[in-house]
Amino acid sequence: MKGVILAGGTGSRLYPLTKVTNKHLLPVYDKPMIYYPLQTLIDAGIKEIMIVSGHGHAGHFLELLGSGADFGVKFTYEIQDEAGGIAQALGLAKDFVDNDNVTVILGDNIYQDNFKDAIQSFTNGAHIFLKAVTDANRFGVAEVDMSNCHVLGIEEKPLRPKSNFAVTGLYIYSNDVFDVIKTLKPSGRGELEITDVNNHYVKEGQMKFTVLDGYWSDAGTFESLLRAGTIVRQHR
């Protein structure tokens, strides 16, 4: 299993904090934001991790994280030339992942749960992690059949969500995810959407899910960045 942290994007919603550095290097309580998804992968036993960032402040990641030796892992770095979406960024990791499976985490997602069992026992298809929220329309939303543990479908930021289960920014995929990405067409936003990748596995009957027990927060807006720091401090 390889790990990929997606830390691209312009961080426009956090401007001017992001004028001089990447948003994933901003502090969440007492650590740089990217330390949290990194620790999530490390705690799951993943030893080889690629960090995908955009242009501009890519060197800041190298200066902060180095080779990975300080964390007991090995880092590889990749540049996403343009804002082409989460799926497009994941596609850049094809050569790095090689013939392995891959766990992908968004660089602004902060979790309390440990995912080692789910990741180490993964065999094929895809696995997503859901969290019940009050503002589901901000996220990809999963409609699920809890009795059969089936995902029925996923909608991206729906006006009228069919459930309150947000699809959080951690995904496990088998190696064929890169073939799936090749078939995608840009959405109305001009991006390759990770929701389209996930719905492929839903249609194939190969999507599994877990509902999180612990806290989860993204940190991509002023409010969520503040909330994430507060949550971390309360649970430290």
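This is a predicted model, so every value here is computed, not measured.

1. Let's talk about the pattern of salt bridges
Pairs can form between side chains of opposite charge whenever their charged atoms are close.
Then, in step 1: As enumerated under the stated definition, the model contains 9 salt bridges in all.
Then, in step 2: One salt bridge connects K162 with E143, and the closest N-O pair in it is separated by 4.0 Å. Note that K162 is positioned in the loop between β10 (150-156) and β11 (165-173) and E143 in strand β9 (residues 140-145), a separation of 19 residues in sequence.
Then, in step 3: Assessed through its relative accessible area of 56%, K162 is described here as exposed.
Then, in step 4: Of the charged contacts in the structure, one is a salt bridge between R227 and D218, with a shortest N-O distance of 3.6 Å.
Then, in step 5: Bridged by salt links that share partners, the residues D135, R138, D218 and R227 form one connected network.

2. Considering helix α1 (residues 35-43)
Side chains that are three or four residues apart share a direction in an α-helix, a result of its 3.6 residues per turn.
Then, in step 1: When α1 is considered as a whole, its buried residues turn out to be Y36, P37, L38, T40, L41 and I42.
Then, in step 2: One or two residues past the end of α1 sits G45, with phi positive at roughly 90 degrees.

3. Some points on the layout of surface pockets
Then, in step 1: Here the largest pocket is characterised by a volume of approximately 980 Å³.
Then, in step 2: Taken together, 41 residues line the largest pocket, and the ones lying closest to its centre are R13, K23, I86, L106 and D108.
Then, in step 3: Breaking the lining of the largest pocket down by element, the ones donating at least two residues are β1 (2-7), α3 (86-91), β10, β11, α7 (194-203) and β13 (216-218).
Then, in step 4: Quantified by volume, the second largest pocket comes out at close to 310 Å³.
Then, in step 5: As for the second largest pocket, its lining consists of 16 residues, of which Y36, Q39, Y111, Q112 and Y215 are closest to the centre.
Then, in step 6: Counting only elements with at least two residues in the lining of the second largest pocket, the list comes to α1, β7 (109-111) and α8 (222-235).
Then, in step 7: Considering every element that reaches the lining of the second largest pocket, the biggest residue donor is α1, with 5 residues.
Then, in step 8: In terms of residue class, the lining of the second largest pocket is made up of 7 nonpolar, 5 polar and 4 charged.

4. Brief notes about the side chain of S163
Then, in step 1: Following the sequence through the fold, S163 ends up in the loop between β10 and β11.
Then, in step 2: Here the side chain of S163 touches A142 through a polar contact of 2.5 Å, landing on its backbone oxygen.
Then, in step 3: Looking at S163, its side chain comes within polar contact range of the main-chain nitrogen of F165, at 3.1 Å.
Then, in step 4: Those residues within four positions of S163 in sequence are excluded, and the remaining contacts are A136, V141, A142 and E143.

5. A closer look at the pairing of strand β8 (residues 126-132)
Consecutive side chains of a regular strand alternate in pointing toward one face of the sheet and then the other.
Then, in step 1: The buried count for β8 comes to 6 of 7 residues, which makes it a mostly enclosed element.
Then, in step 2: Bridging between β8 and β11 involves 6 bridges; their strand directions are antiparallel. If you follow L130 over to β11, its bridge partner there is V167.

6. Digging into the side chain of K23
Then, in step 1: In this structure, K23 sits in the loop between β1 and β2 (27-28).
Then, in step 2: Polar side-chain contacts of K23 include one of 3.0 Å to the side chain of D108.
Then, in step 3: When neighbours within four sequence positions are excluded, K23 is seen to be in contact with G11, R13, L14, T18, M33, D108 and G220.

7. Some words on the packing of aromatic side chains
Then, in step 1: Tallied over the entire structure, the rule returns 8 aromatic pairs.
Then, in step 2: Centre to centre, the rings of Y111 and F115 are 5.1 Å apart; their planes meet at 90 degrees, and the pair counts as edge-to-face.
Then, in step 3: Clustering of aromatic rings is evident, with ring pairs tying together Y35, F71, F75 and Y77.

Conventions and cut-offs
- Residues numbered from 1 in each chain as written.
- Predicted model: local features only at pLDDT ≥ 70, side-chain atom pairs only at ≥ 80, totals over all residues.
- Heavy atoms only, no water.
- Salt bridge = Lys/Arg side-chain N within 4 Å of Asp/Glu carboxyl O.
- Helix = DSSP H or I, 4+ residues; strand = E, 2+ residues; numbered from the N terminus.
- Buried < 20%, exposed > 50% of the residue type's maximum accessible area, 1.4 Å probe, protein only.
- 1 Å grid on protein atoms, 1.4 Å probe; cavity = no way out; pocket = protein on both sides within 12 Å on 5 of 7 lines; lining within 4 Å.
- Points joined across faces, edges and corners; volume = space filled by probe spheres on them.
- Nonpolar A, V, L, I, M, F, W, Y, C, P; charged D, E, K, R; others polar.
- Polar contact = N/O pair within 3.5 Å; in protein donor to acceptor, adjacent residues only side chain to side chain.
- Contact = heavy atoms within 4.5 Å.
- Pairing = 2+ DSSP bridges.
- Phe/Tyr/Trp six-rings, centres within 6.5 Å; stacked < 30°, edge-to-face > 60°.

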